[in-house]
Structures are given as structure tokens and as C-alpha cells.
Amino acid sequence: MATSSRFRTSLRAVGHIVERRRHPDRFINVDKTPWDEIYRDGIMAVRHYSLPPGSTIDLNDDTLAVQRERHRIPLILVPALGIHCWTYDLMPNRSMVKYLMARGYDVYLVDWGKPSQAEHGLDLDTYVNRWLPAAVDAVCEHAEADSVNLMGYCMGGLLCLMYLGAHETSPVKNLITIASPVNFHKSGPFGKAISLAAIPSMKAHDWFKLRLKPLDDKLFHIPAGLLAFGFKMTNPPGVVQAYMDLIRNLGDREYVTEYMTMGQWFNDMVDYPGAVVREVIEKMILANSLARGRIRIGGRSVDFSTIKQDLLAFAGTTDNIVSLRAAREVMNLVGSRDKRFEEVPGGHAGVFSGSKAPDHAWRISADWLATRSD
């Protein structure tokens, strides 16, 4: 009997291997929640999501009852750069978008689009002073609301902070950041190396007035393939271990689907605009300006001390890219009277969309916003 069962499992595994090669899309389950586009400016757009009919939604191996009473203040999700916006809407049973709607929130999402080499000139001024204000205004108009809440992941959280620090009268009520590195020099070994390299770099910056700005933005543009490779190299043993786990579970279609779907995040990234990369290197990595709470973006001065919105900030306990110290620094910089920092399980992706995220970052966020959104 056991031999027969192993034989059937082996047959399924062989079938999945062949199918993965010929029809990989059958195992990739992303961006399934219905949405409408309410605003567009170039490659940037704003989505409004709707929850499919039903009294419950699937959540990992369980279900969650849908809350019919809606919160008054809409929520805008702001993704990181370099990844698709559907990271907020991965597998149907692990979609933050669906979870938040089930918890009573009217959910919108900023889609930064897919920058190509032709968009290498997109800079922080475009994202912070043009696109984010336009997205907030569009949501306020569409939702007929006087204010909104923001939730930003990684660079998305930093864009939100810079936007609020430059636009004191913005109609934003609350802000949530997830794995957003305010102090680049405190992100583990990488941060220490950068901080040491920054000393002579900034001396040269002061003595010889060296700037990266005169250099062509094309030199800093990071293509999607290189970005994906760099992300994987932050944890090579984890990549190998995940593949070994896949081999052991090739006969389990649900496991293969989850592996392929999560892998799509890292295998199908998008270009990082050269102008943004240049500014990040010069202003955030070398000068570490965000750690002092002040930076200049376009024609506006950003000052984190002017941020008065209630703040909830998260960091992952096993994040190899954004350390706890790098993310926690925001607590010392913003002018918010109501601010809270949470350490939750997971790496850079897991803290945001891993199997433990619904019980931690998602639940804490929904509970925290509930008392501040009506």
C-alpha cells in the first residue's frame, strides 16, 4: 500500500515538473481580486478594489468572516519600487487586499507601473511631489472622503514619509510603514560597510564638490533581471533551501503553486529608475540624510519632524535587507505624538506577505487603524 502511494506521488511529481516547464502560468496565482482604475498619469495608476460576494474569505488554511460595517477613512496601499503592485494581492488565500477589505476597509492601491529604460529619468520628485499627491487627491474625490490612511512597504513607506514631510497640509490621517529603512547605515553588515565607505565619500563630496547628479541617469538604471538576482543574493542559503523543499514536495500541487507564486515576486521584478537610484545612493546611502530626518526632493524641503500623523512602523526579526535598527530610527524623527514600533516574524518579504503575516503585521495594522478610521 505504501509502495503504491509513493508511486502515485512520484507520478504526480513528474507531471508537475513537465507542466511547470510547459505551462508555468498554471501555477502562478497573483492579482486575482477585482479592481477598477480610477486615475492614471503616464505609467502610474490608482486602483480601487472590490471584495467578491460572500460572507467569508479564505485565509491560509482557515476562513475569515467579512465585516459588513465599513470604516469611514479609505486606505491607500503604496508598494515598493522594483516590484509589481500585485504583491499586495498574492495568492487568493494570502491577499492583504482581500484581508483588509474583509476587515471593513475601502482599499485603494498605487500602481507605479513598469518603468523601462525609456523612463530612466523618473526621480524622487516625480514620486513624492507629483504622483503621491495626485493619488491621494484622486482617492479623496473617488471615495468622497476628507482624509485617507497610507500603508507603505519598504521604499513605499519611505516615499510616504517623504511625501508627508514635504506636504504638511496633506489630507492623511494615519501612516503605516513596513520594513522601511530610515537609517541605511544601520542595516546589518551591509549598512556598516556603507557607513565606512561613506566617510571618505562625503569628505570628497565636501572638499571637491563631487556630485553624482551630472552623471547620466542611464548609468544608474537597474534592469529587472539584475534587481532580481541581487535580491536573491541577500540570502543564497535560503534560495537553495527553498528549492530543496520544492523537490521534496513536487507531488503536492498546492505546495508547488505557492512556491511558484512567491517565486514570481522575485523572478518577475521591474526596472528601478536610474534617477531614483542615483538619488538614493547620493542622499540616502552615502549622506544618510533620512537618518537626520531632512532631505531635499525637487524644489521641496522634507522635514520628518513636521509629520504629525499617527504612525505604526513594522520590521521583520529575520530581515536581511532592512534591520530592526534601520527601521526603528523613524521613531526618533517624526513629530507624531501617537507612534508605535512592532517587531514581527519574517524576512523582507515574509514580514509583508509570508504565511505568518496575516496573524501579525496584517492583524495588528487592521486593529490599529480601526480605532483611527471612523
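As shown above, the structure is provided for reference.
In this report, the structure presented in the accompanying data block is examined. Throughout, residues of each chain are indexed from 1 in the direction in which the sequence is written. It should be noted that, the model being predicted, local features are given only for residues of pLDDT at least 70 and side-chain atom pairs only at 80 or more, the latter also being counted only at that level, while totals for whole chains, interfaces and linings use all residues. To obtain the side-chain values, all non-hydrogen atoms of the structure were included, while hydrogens and water were left out.

1. Details of the overall build of the chain
Secondary structure summary: the chain contains 12 helices and 12 strands in total. Note on classification: 1.4 Å probe, protein chains only; a residue is buried when its accessible area is under 20% of the maximum for its type, exposed when over 50%, partly exposed between these limits. Looking at the chain as a whole, 54% of its 374 residues are labelled buried. For this analysis, residues touch if any pair of their heavy atoms sits within 4.5 Å. A separation threshold of at least 6 residues defines the contact pool for the chain, and within that pool the share at least 24 residues apart is 78%. Secondary structure elements are taken from DSSP: a helix is a run of H or I of four residues or more, a strand is a run of E of two residues or more, and numbering for both begins at the N terminus.

2. Some details on helix α4 (residues 155-166)
Between the first and last C-alpha of α4 there are 16 Å, a value that for 12 residues agrees with the 16 Å anticipated at 1.5 Å per step. Judged by how many residues are buried, α4 sits mostly within the fold: 12 of 12 residues are covered. Listed in full, the buried residues belonging to α4 are M155, G156, G157, L158, L159, C160, L161, M162, Y163, L164, G165 and A166. Any helix carries an expected span of 1.5 Å times its number of residues minus one.

3. Points about helix α8 (residues 253-267)
If you check α8, its first and last C-alpha atoms are 20 Å apart, about what 15 residues at 1.5 Å a residue would give, namely 21 Å. By the burial criterion, the buried members of α8 are V256, T257, M260, T261, M262, G263, Q264, W265 and F266.

4. Things to note about the side chain of D271
Note on placement: D271 falls in the loop between α8 and α9 (274-286). His is not counted here, nor are the chain ends, while Lys and Arg score as positive and Asp and Glu score as negative. Criterion for a salt bridge: a side-chain nitrogen of Lys or Arg within 4 Å of a carboxyl oxygen of Asp or Glu. Of the side chains with opposite charge, K114 lies nearest to the buried D271, which makes no salt bridge, at 8.4 Å. Separated by 3.0 Å, the side chains of D271 and H221 make a polar contact. Two N or O atoms form a polar contact when they lie within 3.5 Å of each other; inside protein one atom must be a possible hydrogen donor and the other a possible acceptor, and for residues adjacent in sequence the pair counts only when both atoms belong to side chains. Reaching out from D271, the side chain makes a polar contact with the backbone nitrogen of A224 at a distance of 2.8 Å. Discounting residues that sit within four places of it in the chain, D271 has contacts with G82, P115, S116, Q117, H221, I222, P223 and A224.

5. Focus: the pattern of salt bridges
Following the criterion strictly, the structure yields 13 salt bridges and no others. The shortest N-O distance in the salt bridge between K186 and E329 comes to 3.3 Å. On the criterion of sequence distance, the pair formed by K186 in the loop between β8 (172-178) and α5 (188-208) and E329 in the loop between α10 (324-328) and β12 (339-344) is long-range, its members being 143 residues apart. For K186, a relative accessible area of 26% gives the class partly exposed. Under the relative-accessibility criterion, E329 is labelled buried at 14%. Notably, a salt bridge pairs E342 with R340, separated by 2.8 Å at the nearest N-O pair.

6. Here we look at the packing of aromatic side chains
Paired rings are identified among Phe, Tyr and Trp, the last through its six-membered ring, by centres lying within 6.5 Å, and are further divided according to the angle between planes into stacked (under 30 degrees), edge-to-face (over 60) and tilted (the rest). Scanning all chains against the criterion turns up 6 aromatic pairs. Arranged with centres 6.3 Å apart and planes meeting at 25°, the rings of W112 and W131 form a pair that is stacked. Placement of the pair is W112 in the loop between β6 (107-111) and α3 (124-143) and W131 in helix α3, with a sequence separation of 19 residues. For the pair W112 and W131, one class covers both residues: buried. Taken together, the aromatic side chains of Y88, Y153 and F352 make up a single cluster linked through ring pairs.

7. Things to note about the layout of surface pockets
Here the term cavity refers to a set of points on a 1 Å grid, laid over the protein atoms alone, in which a 1.4 Å probe fits but cannot get out; the term pocket refers to an open set having protein on both sides within 12 Å along at least five of seven lines, with lining residues being those that place an atom within 4 Å of a point. Grid points are joined across faces, edges and corners, and a volume is the space filled by probe spheres set on the points. Considered as a void within the structure, the largest pocket measures approximately 1,100 Å³ in volume. As for the largest pocket, its lining consists of 34 residues, of which G238, A242, M262, F266 and A349 are closest to the centre. Elements that contribute at least two residues to the lining of the largest pocket include exactly α6 (224-232), α7 (236-248) and α8. Looking at which element gives the most residues to the lining of the largest pocket, the answer is α8, with 9 residues. Three categories are distinguished: nonpolar for Ala, Val, Leu, Ile, Met, Phe, Trp, Tyr, Cys and Pro, charged for Asp, Glu, Lys and Arg, and polar for the others, with Gly belonging to the last. When grouped by side-chain class, the residues that make up the lining of the largest pocket number 14 nonpolar, 14 polar and 6 charged.

8. Things to note about a nonpolar patch on the surface
Exposure above 30% relative accessible area and the absence of a salt bridge qualify a residue for a patch, where like charges join within 9 Å and nonpolar side chains (Val, Leu, Ile, Met, Phe, Trp, Tyr) within 5 Å. A 1.4 Å probe and the Shrake-Rupley method give the accessible areas. Residues count as covered only by the protein chains that appear here. Together, L226, F229 and M233 give the surface a local cluster of nonpolar side chains, amounting to about 320 Å² of exposed area. Within the fold, M233 resides in the loop between α6 and α7. Under the relative-accessibility criterion, M233 is labelled partly exposed at 41%.

9. Some points on empty space enclosed by the protein
Rolled over the atoms, a probe with the dimensions of a water molecule shows which regions are left empty. Per the counting criterion, the structure on display carries 1 cavity of 30 Å³ or more. What the largest cavity holds in volume is close to 50 Å³. Together, A80, L81, G82, I83, W112, G113, P115, Y127, V270, D271 and P273 line the largest cavity. Of the residues belonging to the lining of the largest cavity, the class tally is 8 nonpolar, 2 polar and 1 charged.

10. Comments concerning the sheet that holds strand β1 (residues 35-41)
Here 8 strands make up an open sheet; going across it, the order is β1-β2-β6-β5-β7-β8-β11-β12 and the pairing mixed. The open sheet has two edge strands with one neighbour each: β1 and β12. Neighbour-to-neighbour, the strand axes of the sheet open up by a mean angle of 20°, direction not taken into account. Lines fitted to C-alpha atoms define the axes, with helix axes restricted to the stretch in contact, and inter-axis angles between N-to-C directions lie between 0 and 180 degrees. Across the sheet, α4 lies against β5 (75-78), β7 (148-153) and β8, angled at about 135° from β7, the strand it touches most. Only strands that DSSP links by at least two bridges are regarded as paired with each other.

11. Let's talk about the nonpolar core
L100, W112, Y153, M155, L159, M162 and I178 are the most contacted members of the largest nonpolar core, which totals 107 residues. The contact partners of I178, leaving out residues within four places of it in the chain, are M96, M151, G152, Y153, C154, F314, V351 and F352. Nonpolar core, defined: a set of buried Ala, Val, Leu, Ile, Met, Phe, Trp, Tyr and Cys residues in which side-chain atoms within 4.5 Å join the residues together.

12. Focus: the environment of T56
Of note, T56 is situated in strand β3 (residues 56-59). Assessed through its relative accessible area of 44%, T56 is described here as partly exposed. For the pair T56 and Q67, spaced 11 residues apart in sequence, the C-alpha separation works out to 8.8 Å. When neighbours within four sequence positions are excluded, T56 is seen to be in contact with T63, L64, A65 and V66.

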